[in-house]
Amino acid sequence: MESAGDKHFKFINSKTGYVIYYHSISGERTDEEVRAELREVKYRVAIQNGLYCETIYWETMREDVEL
């Protein structure tokens, strides 16, 4: 279940500039836990897409953007 304090991220292929994955993390997690989870997701996304993990990076999604 999503809460108002959740943090939302997008994972981007730096070679193409395309977003290849979206991920949300509970706002109750510590910064260290968030970074650890983002690293795990980055590696999983790289493997699933057959990409070198260093070509993927994440950005925080802005809250004021309407989807």
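Draft legend 1. Expanded view of the overall build of the chain. What the chain contains, in helices and strands, is one helix and three strands. Start at the N end of the chain and walk to the C end: the helices and strands fall as β-β-α-β. Here the contacts in the chain between residues at least 6 apart in sequence split such that 44% fall between residues at least 24 apart. As presented, the chain carries roughly 5100 Å² of accessible surface, and 49% of it is formed by carbon and sulfur atoms.

Draft legend 2. Fine view of the packing of aromatic side chains. Counting across every chain of the model gives two aromatic pairs. Through a chain of ring-to-ring contacts, the aromatic side chains of Phe-11, Tyr-21 and Trp-58 assemble into a single cluster.

Draft legend 3. Structural detail: helix α1 (residues 31-49). Helix length check: α1 (19 residues) gives 27 Å between terminal C-alpha atoms against 27 Å at 1.5 Å per residue, within 8%. Considered for burial, the residues of α1 that qualify are Val-34, Glu-37, Leu-38, Val-41, Lys-42, Val-45 and Ala-46. Buried residues along α1 sit in contact with β1 (7-13), β2 (19-25) and β3 (56-60). Two residues or fewer after α1 comes Gly-50, characterised by a positive phi angle close to 65 degrees.

What counts, and at which threshold
- Residues numbered from 1 in each chain as written.
- Predicted model: local features only at pLDDT ≥ 70, side-chain atom pairs only at ≥ 80, totals over all residues.
- Heavy atoms only, no water.
- Helix = DSSP H or I, 4+ residues; strand = E, 2+ residues; numbered from the N terminus.
- Contact = heavy atoms within 4.5 Å.
- Areas by Shrake-Rupley, 256 points an atom, 1.4 Å probe, with all protein chains shown as cover.
- Phe/Tyr/Trp six-rings, centres within 6.5 Å; stacked < 30°, edge-to-face > 60°.
- Expected span 1.5 Å × (residues − 1).
- Buried < 20%, exposed > 50% of the residue type's maximum accessible area, 1.4 Å probe, protein only.

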